[in-house]
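# Topology and contacts: notes
The residues making up each chain are set out below.
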Amino acid sequence: MKMPGNILSHNYFTRIFHVLLFFLIFTSCCKNSNGFHAEEVERLVNEGDIVFRRGHSAESRAVLHFDSLGLYSHIGIVVLADSAYKIIHCVPGESPDDRIKMDKFEEFFAKDKAEAGAIARLSNQPVRRVLAARYAYSKYMEGILFGHDYDLNDTTRMYCSELIWKAYLYAGVD
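Structure report, in brief. Every chain is numbered independently, its residues counted from 1 as its sequence is written. Residue-level local features of this predicted model are given only where pLDDT is at least 70; pairs of side-chain atoms are given and counted only at 80 or more, and the full residue set underlies all totals for whole chains, interfaces and linings. Neither water nor hydrogens contribute to the side-chain values; these are computed over all heavy atoms in the structure.

The 5 strands lie next to each other as β6-β5-β4-β3-β7, forming an open sheet whose pairing is antiparallel. Edge strands, defined here as strands with exactly one partner in the open sheet, are β6 (101-103) and β7 (116-120). Across the sheet, the mean angle separating the axes of adjacent strands is 30 degrees when strand polarity is ignored. Paired strands, in this sense, are two strands between which DSSP finds at least two bridges. In this description a helix means any DSSP run of H or I spanning at least four residues, a strand means any run of E spanning at least two, and both kinds are numbered starting from the N terminus. Bridge count for strand β4 (residues 74-81) against strand β5 (residues 84-89) is 5 bridges, and the pairing is antiparallel. The residue of β5 that forms the bridge with Ala-81 is Ala-84. In what follows, a contact means two residues having at least one pair of non-hydrogen atoms within 4.5 Å. For helices, the axis comes from a line fit to the C-alpha atoms of the stretch in contact; other axes are also lines fit to C-alpha atoms, and the angle between any two N-to-C directions lies between 0 and 180 degrees. Relative to β4, helix α5 (residues 126-142) is tilted by about 95 degrees, and along the sheet it contacts β4, β5 and β6. Against the sheet, helix α6 (residues 160-170) engages β3 (50-54), β4 and β5, with an angle of about 50 degrees to β4.

Laid out in structure tokens, this is it:
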């Protein structure tokens, strides 16, 4: 996913997340007839992990069209809420008024929304990961709307990669 100035380009993630603790591709080999294996994935994640998905929607196809190096069209962050790991993300058309969402893993990676996915972790930075997750959770609680104008200066609206960038920026990682 690209942002103005290539802030979150493919190369940026390669540098920042230089050590992937794990990388999971959720294709047909990882799904059974009931769908995504959420329980298995939830045992591996921690707060602040970054989740990616490649979707089926027109918006997903547009993102991938304009980001020739991109493998994924959407991004979120793992938080611990109500004693379970969940994913906070901004996506148009999936919530009332296009507000930031908090989904369970099986919802985020549901077959009708995702054809592939990955999870990455910033290595050796547990405090920063938790700070980033808490920032994202605070934006979820504020009810921030999806930023259809893709304006980094508008603090009342955000899009998916902007939320993750600002969360980690808050935690001291640019």
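Where nonpolar side chains cluster on the molecular surface, the patch consists of Val-127, Leu-131 and Tyr-170 and spans about 310 Å² of accessible area. Within the secondary structure, Val-127 is located in helix α5. Without a salt bridge and with relative accessible area above 30%, a residue can belong to a patch; like charges are then joined within 9 Å and nonpolar side chains (Val, Leu, Ile, Met, Phe, Trp, Tyr) within 5 Å. Accessible areas in this description were obtained via Shrake-Rupley with a 1.4 Å probe; residue shielding takes into account the shown protein chains only. Salt bridge criterion: a side-chain nitrogen from Lys or Arg within 4 Å of a carboxyl oxygen from Asp or Glu.

Here we take up the packing of aromatic side chains. The criterion for an aromatic pair is that two Phe, Tyr or Trp rings (for Trp, the six-membered ring) have centres within 6.5 Å, with stacked assigned to planes under 30 degrees apart, edge-to-face to planes over 60 apart and tilted to the rest. Under the counting rule described, the total for this entry stands at 7 aromatic pairs. Ring plane angle 35 degrees and centroid distance 5.7 Å describe the contact between Phe-52 and Tyr-72, whose orientation is recorded as tilted. Of this pair, Phe-52 sits in strand β3 while Tyr-72 is found in the loop between α3 (58-66) and β4, placing the two residues 20 residues apart along the sequence. Here Phe-105 and Phe-109 contribute two aromatic rings whose centre-to-centre distance is 6.5 Å and whose plane-to-plane angle is 25 degrees, an arrangement assigned as stacked. Since its relative accessible area comes to 1%, Phe-109 is described here as buried. Feature note: the residues Phe-105, Phe-108 and Phe-109 constitute an aromatic cluster, connected by ring pairs. In this analysis the charged atom, NZ for Lys or CZ for Arg, is taken to sit over a ring once it is within 6 Å of the ring centre and within 35 degrees of the ring normal. One residue, Arg-53, lies across the ring of Phe-108, its end atom 4.6 Å from the ring centre. For every residue, the accessible area (1.4 Å probe, protein chains only) is compared with the maximum for its type, and the residue is labelled buried under 20%, exposed over 50%, or partly exposed between those bounds.

Next up on the list: a negative patch on the surface. When charges are counted, Lys and Arg contribute as positive and Asp and Glu as negative, whereas His and the chain ends are disregarded. Charge placement uses NZ in Lys and CZ in Arg. For Asp and Glu, CG and CD serve respectively. Taken together, the side chains of Glu-39, Glu-40, Glu-106 and Glu-107 make up a negatively charged region of the molecular surface. The set of elements that each furnish at least two residues to the negative patch consists of α2 (38-42) and α4 (105-108). You can see Glu-40 is positioned in helix α2. Residue classification places Glu-40 among the partly exposed positions, given a relative accessible area of 43%.

On to the state of the cysteines. Put simply, a disulfide is two cysteine sulfurs that come within 2.5 Å. Applying the stated criterion across every chain, the model contains 0 disulfides. A disulfide-free cysteine, Cys-90 has its sulfur positioned 7.2 Å from the sulfur of Cys-160, the nearest such atom. Taking relative accessible area as the criterion, Cys-90 reaches 2% and is therefore assigned buried. Its relative accessible area of 9% is what places Cys-160 among the buried residues.

Next up on the list: the environment of Phe-146. One can find Phe-146 in strand β8 (residues 145-146). On the basis of relative accessible area, Phe-146 is assigned to the buried category, the value being 4%. Between the C-alpha atom of Phe-146 and that of Lys-101, which follows or precedes it by 45 residues, the distance is 9.8 Å. Beyond its immediate sequence surroundings of up to four residues, Phe-146 is in contact with Cys-90, Val-91, Pro-92, Asp-98, Arg-157, Met-158, Tyr-159 and Cys-160.

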